[in-house]
Amino acid sequence: RSIASLVLPSTGLSREDFLHADRRVPTPDEVVLAPGPEPRPLNLVIVIFEGVGYQHTSLAGSGLATTPFLKDLARRGVEFTSMRSTVTHTSKAIFAMMTGRYPSASQDAVETVPTAAGYASLATILGRQRGYRTALFQSAKGTFESRPSLARNLGYQDFWAREQMADPNAHLGYLAGDEFAMLGPIRDWLAEDRRPFLLTVLCSATHDPYEVPEWYGQIAKEPVDRYRQTLTYTDAFLAALDKEVAR
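Residues numbered from 1 in each chain as written. Predicted model: local features only at pLDDT ≥ 70, side-chain atom pairs only at ≥ 80, totals over all residues. Heavy atoms only, no water.

## A few points about the nonpolar core
In a soluble, globular protein the nonpolar side chains are often hidden away together inside.
Now for step 1: Judged by nonpolar contacts, the single largest core of 24 residues is most densely connected at Phe137, Met182, Ile186, Trp189, Leu199, Val201 and Phe237.
Now for step 2: Listing elements by their share of this core, those giving two or more residues are α2 (68-76), β2 (133-138), α6 (183-192), β6 (197-202) and α7 (223-246).
Now for step 3: The dominant element in this core, judged by the number of residues it contributes, is α7, at 5 residues.
Now for step 4: Apart from residues no more than four positions distant in its own chain, Leu199 is found in contact with Leu44, Val45, Ile46, Ala135, Phe137, Ile186, Trp189 and Val245.
Now for step 5: Membership of the second largest hydrophobic core comes to 16 residues, among which are Leu126, Tyr132, Leu150 and Leu202. (Core = buried A, V, L, I, M, F, W, Y, C linked by side-chain atoms within 4.5 Å. Buried < 20%, exposed > 50% of the residue type's maximum accessible area, 1.4 Å probe, protein only. Helix = DSSP H or I, 4+ residues; strand = E, 2+ residues; numbered from the N terminus. Contact = heavy atoms within 4.5 Å.)

## Considering the pairing of β6
Now for step 1: Of all 6 residues making up β6, 6 are buried, and the element is well covered by its neighbours.
Now for step 2: The side-chain alternation of β6 yields two buried faces, one formed by Phe197, Leu199 and Val201 and the other by Leu198, Thr200 and Leu202.
Now for step 3: For strand β1 (residues 44-48) and β6, the ladder comprises 5 bridges, and the chain directions are parallel. Directly across from Ile46, in β6, lies its bridge partner Thr200. (Pairing = 2+ DSSP bridges.)

## A closer look at the side chain of Arg162
Now for step 1: As for its placement among the helices and strands, Arg162 is situated in the loop between β3 (158-160) and β4 (171-172).
Now for step 2: Within the buried set, Arg162 has no salt-bridge partner at all; the shortest N-O distance to an opposite charge, 5.8 Å, is to Glu163. (Lys, Arg positive; Asp, Glu negative; His and termini not counted. Salt bridge = Lys/Arg side-chain N within 4 Å of Asp/Glu carboxyl O.)

## Brief notes about the packing of α6 against α7
Now for step 1: Their axes nearest at 10 Å, the elements α6 and α7 cross at an angle of 20°. Taken together, the axis directions place α6 and α7 in an arrangement best described as roughly parallel. Considering the relative orientation of α6 and α7, their crossing is right-handed. Where α6 approaches α7, its residues Leu183, Ile186, Arg187 and Leu190 are matched on the opposing element by Phe237, Ala240, Leu241, Glu244 and Val245. (Axes fitted to C-alpha atoms, helices over the stretch in contact; angles between N-to-C directions. Parallel < 35°, antiparallel > 145°, perpendicular 65-115°, else oblique. Left-handed = near helix turned anticlockwise from the far one by under 90°.)

## A short note on the packing of α2 against α7
Now for step 1: Where α2 contacts α7, the axes come no closer than 7 Å and their chain directions differ by 50°. On the basis of the axis angle, α2 is oblique to α7. Of α7, the residues touching α2 (which contributes Pro68, Phe69, Leu70 and Leu73) are Asp235, Leu238, Ala239 and Asp242.
Now for step 2: The class makeup of the residues in the contact of α2 with α7 is 6 nonpolar, no polar and 2 charged. (Nonpolar A, V, L, I, M, F, W, Y, C, P; charged D, E, K, R; others polar.)

Next comes the structure, spelled out in structure tokens:
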């Protein structure tokens, strides 16, 4: 039924499925770092680009100038060219990235169902065992797929979403928001405490309907051009975020 729900929504999971599920994800206290000398704590920033196809970026070697900063970042660091997302479903992909485990094959966002203890994740390991501050910032609508509940299940201490943007004109389409509107709140969060941090930032402009803010420029007309325009815009945000984190 889980597999069928990917193409037939009416075959989604029921209450009985939850009651009889036998798969179990470890809780935070069940995954413990091995004792040993603690290295110098490093700040960790994870930026998630929503719905970005590799072939449309400047990394693909096709001569596209859509993501020049990302290309330069890869040149200065490490690029993993054989990575693939576990699923093309954002909430489930976040779950997989943070826990290291496959999400449910069901179309239902079961990973967001509130749990008493939450899941063992990178956020819980660093936050509880290494004293890190942890936060998930996203420009997308927070109520979509119960994202605050997912953030809690994954152990993030702080969560910020589109509903907290001071200017509703920064909203883009039905779901997304101006990525640059996150810079101020992120700056404030970084300045609150000098402890090491795990900062996860989820971008959304590259999600349908592919819009950019008016201040950035006129929205392109052709579908592919609109999509690639959002890539270039998001790449500019990544460069601005890099400067904020490096302050």
